[in-house]
Amino acid sequence: MRYLRLVIGALVVIGALYIIVAENVTGASSNAFVNAPIVTVRAPVAGDIELHPRTIGAEVSTETVLFSVNDIRADRVRLDDLVMELEKAQAEVARLESDKATYEDYRDQLDTQYAAYATERQRELGARGGISQSLPLLDLSDPEKLIGLSDAMPDTASETSENTAQTTTRGEQEPTEPVVTSLLSTQRDASEREIFLDGTSGAQWNYGYWRATAYRDLARVESELANAEAIVEAFAERVERERVRLIGLTGGDIASPVHGVVWDRLVGDGVNVQRGDPIMKVANCGAAVVSLSVSEIVYNRLSTGDPAIFRLSGTDHVMQGTVTRLAGAGAATVYENMAVAPSREHLQRFDVTLIVPELRTADMSSGCHIGRTGRVFFEDRPLDPLRRILN
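Numbers given to residues run from 1 along each chain, matching the order in which its sequence is written. In keeping with the model being predicted, local features are shown solely for residues with a pLDDT of at least 70 and side-chain atom pairs are shown and tallied solely at 80 or more, while totals for entire chains, interfaces and linings include all residues. Note: side-chain values were computed over all heavy atoms of the structure, leaving out hydrogens and water.

Enquirer: Whenever I open this one, the overall build of the protein chain confuses me. Can you help?
Expert: Helix numbers and strand numbers start at the N terminus; a helix is a DSSP run of H or I with at least 4 residues, a strand a run of E with at least 2. Within the protein chain, the secondary structure is distributed over nine helices and 16 strands. For the exposure calls, accessible area comes from a 1.4 Å probe over protein chains only, and a residue counts as buried if that area is under 20% of its type's maximum, exposed if over 50%, partly exposed in between. Within the span of the protein chain, comprising 391 residues, buried residues form 35% of the whole. When contacts within the protein chain are restricted to residue pairs at least 6 apart in sequence, long-range pairs at least 24 apart make up 80% of them. With the model as given, the accessible surface of the protein chain reaches about 22800 Å², and the carbon-plus-sulfur share is 54%. Residue contacts follow a heavy-atom distance rule, with two residues in contact if any of their heavy atoms lie within 4.5 Å. In these tables, accessible area is a Shrake-Rupley quantity obtained with a 1.4 Å probe, and a residue counts as shielded only by the protein chains included in the view.

This is the structure we're talking about:
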């Protein structure tokens, strides 16, 4: 029994020593911190700077205006000329639309008058032709029977009787009632096709002529209106292009190019700057990384794409990451455009960069954790299963 206790105690001591040693010799970083690339926002044109009230460390998005640049010396003559031409074209469109409405009303009025005249004239011819419907129709194909019929169209019943009594053929009295009946029948049949053969056809001819004229003028106005609308559209596009070009010359509001935090302000409000001058720096939280340094032994065991675990100091939460860059010793140049520069001790070791996707989706209110420190582990440790259970 005594020996069993000694064996169990020895195993416990050996296990504890293994855990302690393994926890400390497992590949890990001596130090690690959250970093992010810096984007320098420059003035697109020369002009006066107006900074918006953004404090250092303020969260910004791609819709956040950082500052404004205004160049009052930009040439606007071309834009003013195009706007004037556009307004003239729009006035022409308004005039043609008014003319079109007038011609449409005139056309409708003539159509109504023409239809009313045709209807009433057909009724009149029908009534006059009904007086002698029982008499046989005269054969109008014989020219000899049509001599003297130029005045045979009566406007009233008395005129019809007078013209009938005066109609003669070669000095002999001809029966005029069949002739008049045939003429009325012919006029009535023609009127159904809107062809009026009697002396009152002048009214119909005028109505038809002015109707055709109204339709022709309306078609002309519609063609001119379509052309004027095309001109307006063309000028509107040219005005828009000129405004875009002018914005590039006069400046305007400049928004943040990335989602992140304001890292530094390089000029003061109201300063006159030249095109390309740096105005503000923004830390790109959407591209946050973890910068760390390791010993030479651990560094030589790493490869790009290896998995790793990052844990912020003071927390038990671990985040999965991937090795993305192995810069080695003295990697000072890779930090020239980063938010946080490495320490001297960091540069004396071997530099590694880690991508942790969870950091890139973190809450921006904490500044995406830029500068926060922690540790990175490249191998599983003996107590990792227990840590996962506790987390």
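This is not the end of the story, as more comes after the structure.
Enquirer: Looking at this structure, I do not really get the nonpolar core. What am I missing?
Expert: Across soluble globular proteins, nonpolar side chains have a tendency to be buried as a group. Val290, Leu292, Phe310, Leu354, Val376 and Phe378 are the most contacted members of the largest nonpolar core, which has 19 residues in total. Among the secondary structure elements, those contributing two or more residues to this core are strand E1 (31-35), strand E12 (289-294), helix H6 (296-301), strand E13 (307-312), strand E14 (318-329) and strand E15 (350-355). Residues enter a nonpolar core if they are buried and are Ala, Val, Leu, Ile, Met, Phe, Trp, Tyr or Cys, with the set joined through side-chain atoms within 4.5 Å.

Enquirer: What's the story with the pairing of strand E11 (residues 278-284) in this structure? I'm lost.
Expert: Along any regular strand, the residues point their side chains to alternate faces of the sheet. When you tally the buried positions in E11, you get five out of seven residues, the bulk of the element. Where strand E2 (residues 38-42) and E11 come together, five bridges link them in antiparallel fashion. In the strand pairing of E11, Arg42 is matched with Pro278. Relative to E11, strand E9 (residues 260-265) runs antiparallel, the two being bridged by five bridges. The residue of E11 that forms the bridge with Val261 is Ala283. A pair of strands is labelled paired if DSSP reports no fewer than 2 bridges between them.

Enquirer: What exactly am I supposed to notice about the side chain of Asp351 here?
Expert: With respect to the helices and strands, Asp351 occurs in strand E15. Here the positive residues are Lys and Arg and the negative ones are Asp and Glu; neither His nor the chain ends is included. The rule for a salt bridge is simple: a side-chain nitrogen of Lys or Arg has to be within 4 Å of a carboxyl oxygen of Asp or Glu. Although Asp351 lies buried, it forms no salt bridge, and the closest oppositely charged side chain, Arg325, sits 4.6 Å away as judged by the N-O distance. Look past the residues within four positions of Asp351 in its chain and what remains in contact with it is Leu292, Ser293, Tyr299, Arg325, Leu326, Ala327, Gly328, Ala331, Tyr335 and His346.

Enquirer: For this particular structure, what's the right way to read the sheet that holds E14?
Expert: Pairing between the strands of a sheet is mediated by backbone hydrogen bonds and can be parallel or antiparallel. Strand order in the closed barrel made by the six strands is E1-E12-E15-E14-E13-E16, with antiparallel pairing throughout. The average angle at which neighbouring strand axes cross in this sheet is 40 degrees, direction not considered. As judged from the two bridges shared by E1 and strand E16 (residues 373-377), these two strands associate in the antiparallel manner. Note on E16: the bridge partner recorded for Phe33 is Thr373. Where helices are involved, their axes are fitted lines through C-alpha atoms of the stretch in contact, as for all axes, and angles between N-to-C directions lie from 0 to 180°.

Enquirer: Help me understand the confidence of the model for the protein chain in this model?
Expert: Low-confidence regions, as indicated by low pLDDT, have predicted coordinates that should not be scrutinised in detail. Note on scores: pLDDT gives the predictor's confidence for each residue, bounded by 0 and 100. For the protein chain, per-residue confidence averages 75 on the pLDDT scale, and residues scoring 70 or more make up 65% of the total. Long-range and interchain partners of residues 131-175, a stretch whose pLDDT sits below 50, account for 54 contacts in this model, where long-range means more than four residues apart.

Enquirer: In this structure, what is going on with the sheet that holds E2? I would like to understand it.
Expert: Strand order in this open sheet of four strands is E2-E11-E9-E4, and the pairing throughout is antiparallel. A strand with exactly one partner marks an edge of an open sheet, and here the two such strands are E2 and strand E4 (59-60).

Enquirer: How should the environment of Arg344 be read in this particular structure?
Expert: Counting through the fold element by element, Arg344 comes out in helix H7 (residues 344-348). Placed 14 residues apart in sequence, Arg344 and Gly330 show a C-alpha to C-alpha distance of 9.2 Å.

Enquirer: Is there a simple way to explain the pattern of salt bridges in this structure?
Expert: Opposite charge on two side chains allows them to pair when their charged atoms are near. What the rule picks out here adds up to five salt bridges. The salt bridge involving Asp99 is made with Arg95; its shortest N-O contact spans 2.9 Å. Separated by four residues within a single helix, Asp99 and Arg95 lie in helix H2 (residues 77-129), roughly one turn from each other. Members of the salt-bridge network, linked through shared partners, are Glu92, Arg95 and Asp99.

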